[in-house]
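Here is how the chains run, residue by residue.
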Amino acid sequence: MSDPALGLTMLVLIVVVIMMGFPTAFTLMGLGMFFGYIAFYDPTQAFTENKVFDLMVQRTYGAMTNDVLISIPLFVLIGYVMERGALVDKMFYSIQLAFRRVPASLAVATLIVCTFWGIASGLVGAVVVLMGVIAFNPMLRAGYDVKLASGVITAGGTLGILIPPSVMIIVYAAVAGQSVVKLYAAAMFPGFFLAFLYLVYIVGWAMINPKIAPPLSEELTRVPVPAWMRKFQSAYSSNMLVGLVSALFSPSRATVIEAEKARISYWMLLKDFCAALVPFVLVAGTLWLTWWYVVIHQQAAAEAAVSGVQQLGTPGLGGAPAAPAEHGPPEGFYFWFGLCAVAGVLMLVRYYWRMDADRFVVLKLLTSSVMPLGILTVVVLAVILFGITTATESAGVGAAGAFLLAFQARTLDWKRTKEAVFLTAKTTAMVCWLFVGSALFSGVFAILGGQALVEQWVLSLNMTPVQFMILSQAIIFLLGWPLEWTEIIVIFVPIFLPLLKHFNIDPVLWGVLVFVNLQAAFLSPPVAMSAFYLKGVSPPHVTLNQIFSGMMP
């Protein structure tokens, strides 16, 4: 058998052996060692002098000195601390109340929490199991169709590997030698847009066929407004914002009202007023950050670049003449920014005009349950995308923030902390062993000529870049049926990467399409890990076929 044929035999064997249930990392190393020994075999040498042992050491050292991998344990630790800290129950309740008037409100709340929690943790199994425990039975008790309930949890739970910060993106960056920052920025929009499409599908399905998601009972939609708040409205105004502003200037009527176990204090009024301003702060902060980045930051960067070019172009330094700078934001920015600002102001005016006690209580619940995790997530992503820190430093900040949130909620004890650290070490070790096995396997595969054979076959087809893009993504999509994303990233993606140069395809664009494909791999039978995660925590009468049917759309 020729060397290229041996390489293709390796490729076929790895799929067969993994589907038989053998550990992926050690299967990769075993096949790499076996076929590498054959490739380097020299009858004049002793057994121990075979070069495959040198290759194994070099590839292991190369994988373990990859700086990109340092951020993996920290991002994984964020997810496990969040999961063990049990911070999601209050979030689900508050979001469900906020969307209580939307069709299929429980399913919508489940999808939003899955998306939000997936961003924070990035662990598909943890999100699906957690939401299966929290949301699956309430949806079934409310009369929701089993397919809708299971589809929302399984599909929503997989968004965590697509929306940054994602471990899968870091692994791809290490394999492809690409910037984590660029990949995070590129994957942001597809991830949120996919979540939006899921949301449109759920609401549309519920509007077309209301039987799949009956309206919730009054008990489930009633907002727990405290008695003192009704008295406060009677004393000041039915509009809580107007009432709080009035009470801050004239607190005498408020301080005589009994609130739970004590009377209302001025400090309590001030805290409630700050909570009422949260929507305004979010809108104003988003607009200011956009203005700062596009107008101020970019212009300063352009001026600094021009200054550097002019210094290089100074006579006597042998540099090039200064290039003209692009001053100001892109064309049309001011129009769209003004449009968004006007829309934001109108939304705020409408919201505050209708702020009664029910809306205010829901706002306080959302602020206490969603805001801390939201701020942590935004900080972790912003410092990466703005180039302030590396992914590893940002992951360290995120891990510290996750511990603070869990301690503040008083849900993380010593036992749960040990479990989170142990699971982090276990997951990280699995990823590292996968990298070692993949490095050895791909090295032997290239030495045998398998990579060159694949390249010759693809180039002989005379495809256009778009045709190659479609073919490669179709192959990865089909591989996602029997294999997990880790196996596809570390085994098959390196086979396609050298071909991208031939077709002039950006590895970042191609990688984003791979991420979307592999997100679908979690929902594709027969492996479809999301279905098995949910089945493990679902009632006995829910069958695997029903979960598969719910995932298919």
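Residues numbered from 1 in each chain as written. Predicted model: local features only at pLDDT ≥ 70, side-chain atom pairs only at ≥ 80, totals over all residues. Heavy atoms only, no water.

1. Brief notes about the overall build of the protein
Right, on to step 1. Scanning the protein from N- to C-terminus turns up 26 helices and two strands.
Right, on to step 2. If one aligns the C-alpha atoms of the protein with their principal axes, the spans along those axes are about 100 × 80 × 50 Å.
Right, on to step 3. Looking at the protein as a whole, 47% of its 553 residues are labelled buried.
Right, on to step 4. If you take every contact in the protein between residues at least 6 apart in sequence, the share linking residues at least 24 apart comes to 76%.
Right, on to step 5. Accessible area for the protein stands at about 27200 Å²; split by element, carbon and sulfur atoms hold 68% of it.
Right, on to step 6. Positive and negative side-chain charges of the protein, numbering 28 and 25 respectively, have mean locations separated by a distance of 16 Å. (Helix = DSSP H or I, 4+ residues; strand = E, 2+ residues; numbered from the N terminus. Buried < 20%, exposed > 50% of the residue type's maximum accessible area, 1.4 Å probe, protein only. Contact = heavy atoms within 4.5 Å. Areas by Shrake-Rupley, 256 points an atom, 1.4 Å probe, with all protein chains shown as cover. Lys, Arg positive; Asp, Glu negative; His and termini not counted. Charge placed at Lys NZ, Arg CZ, Asp CG, Glu CD.)

2. Re unusual backbone geometry
Right, on to step 1. Non-glycine residue Ala104 carries a positive phi angle of around 55°.
Right, on to step 2. Take Ala104: it is sitting in the loop between α5 (88-98) and α6 (105-121).
Right, on to step 3. Under the relative-accessibility criterion, Ala104 is labelled buried at 4%.
Right, on to step 4. If you check the backbone angles, Asn504 has positive phi at about 60° while not being a glycine.
Right, on to step 5. The exposure class of Asn504 is exposed, given its relative accessible area of 74%.

3. Thoughts on the packing of helix α14 (residues 266-276) against helix α17 (residues 357-369)
Right, on to step 1. At a minimum axis distance of 9 Å, the contact between α14 and α17 shows a crossing angle of 85°. Regarding the angle of α14 to α17, the classification is roughly perpendicular. Along its contact with α14, which presents Asp272, Ala275 and Ala276, the element α17 presents Phe360, Leu363, Lys364 and Thr367.
Right, on to step 2. The residue makeup of the contact of α14 with α17, split by class, is four nonpolar, one polar and two charged. (Axes fitted to C-alpha atoms, helices over the stretch in contact; angles between N-to-C directions. Parallel < 35°, antiparallel > 145°, perpendicular 65-115°, else oblique. Nonpolar A, V, L, I, M, F, W, Y, C, P; charged D, E, K, R; others polar.)

4. Re helix α19 (residues 391-409)
Right, on to step 1. The end-to-end C-alpha separation of α19 is 27 Å, in line with the 27 Å expected for 19 residues at 1.5 Å each.
Right, on to step 2. For α19, the set of buried residues is Ala391, Ser394, Ala395, Gly398, Ala399, Gly401, Ala402, Phe403, Leu405 and Ala406.
Right, on to step 3. Immediately beyond the C-terminal end of α19, within one or two residues, lies Arg410, with a positive phi of roughly 60°. (Expected span 1.5 Å × (residues − 1).)

5. Notes on the packing of aromatic side chains
Right, on to step 1. Evaluated as defined, the whole model comprises 24 aromatic pairs.
Right, on to step 2. Aromatic pair Phe34 and Phe35: ring centres 5.3 Å apart, planes at 90°, arrangement edge-to-face.
Right, on to step 3. Consider the rings of Tyr351 and Tyr352, whose centres lie 5.7 Å apart with planes at 75°: the pair is edge-to-face.
Right, on to step 4. Classification of Tyr352 as buried rests on a relative accessible area of 12%.
Right, on to step 5. Each member of the aromatic cluster is reached from another via a ring pair, and the members are Trp291, Phe333, Tyr334 and Phe337. (Phe/Tyr/Trp six-rings, centres within 6.5 Å; stacked < 30°, edge-to-face > 60°.)

6. Regarding the confidence of the model for the protein
Right, on to step 1. Per-chain confidence: the protein averages 84 in pLDDT, with 94% of residues scoring 70 or above.
Right, on to step 2. Taking the mean pLDDT of every element in the protein, the minimum, 78, falls on helix α4 (residues 71-85) and the maximum, 93, on helix α16 (residues 333-353).
Right, on to step 3. Segment residues 316-325 is flagged for pLDDT under 50; beyond a separation of four residues in sequence, or across chains, it makes 13 contacts in the model. (pLDDT = per-residue confidence, 0-100.)

7. Digging into the nonpolar core
Right, on to step 1. Formed by 143 residues in total, the largest nonpolar core has its most connected members in Tyr144, Ile489 and Trp510.
Right, on to step 2. For this core, the element with the highest residue contribution is helix α23 (residues 485-502), accounting for 12 residues.
Right, on to step 3. One finds Val225, Leu244, Ala247 and Ala254 within the second-largest nonpolar core, a separate group that totals 28 residues. (Core = buried A, V, L, I, M, F, W, Y, C linked by side-chain atoms within 4.5 Å.)

8. Observations regarding the pattern of salt bridges
Right, on to step 1. The final tally for this structure, using the stated rule, is four salt bridges.
Right, on to step 2. Residue Lys364 is joined to Asp272 by a salt bridge in which the shortest nitrogen-to-oxygen separation is 3.0 Å. Here Lys364 is found in helix α17, whereas its partner Asp272 is found in helix α14, with 92 residues between them in sequence.
Right, on to step 3. Residue class for Asp272 comes out buried when judged on its relative accessible area of 6%. (Salt bridge = Lys/Arg side-chain N within 4 Å of Asp/Glu carboxyl O.)

9. Some details on the packing of helix α10 (residues 180-208) against helix α24 (residues 507-521)
Right, on to step 1. Two numbers describe how α10 lies on α24: the axes approach to 10 Å, and their chain directions differ by 40°. For the element pair α10 and α24, the recorded crossing hand is right-handed. Between α10 and α24, the residues in contact are Lys182, Leu183, Ala186, Ala187, Pro190, Leu194 and Tyr198 and Val508, Val512, Phe515, Val516 and Gln519, respectively.
Right, on to step 2. Among the residues making up the contact of α10 with α24, the classes are represented as 10 nonpolar, one polar and one charged. (Left-handed = near helix turned anticlockwise from the far one by under 90°.)

10. Topic: the environment of Leu497
Right, on to step 1. Along the polypeptide, Leu497 turns up in helix α23.
Right, on to step 2. By relative accessible area, Leu497 is classed as buried at 16%.
Right, on to step 3. Sequence spacing of Leu497 and Ala176 is 321 residues, and the spatial spacing of their C-alpha atoms is 7.0 Å.

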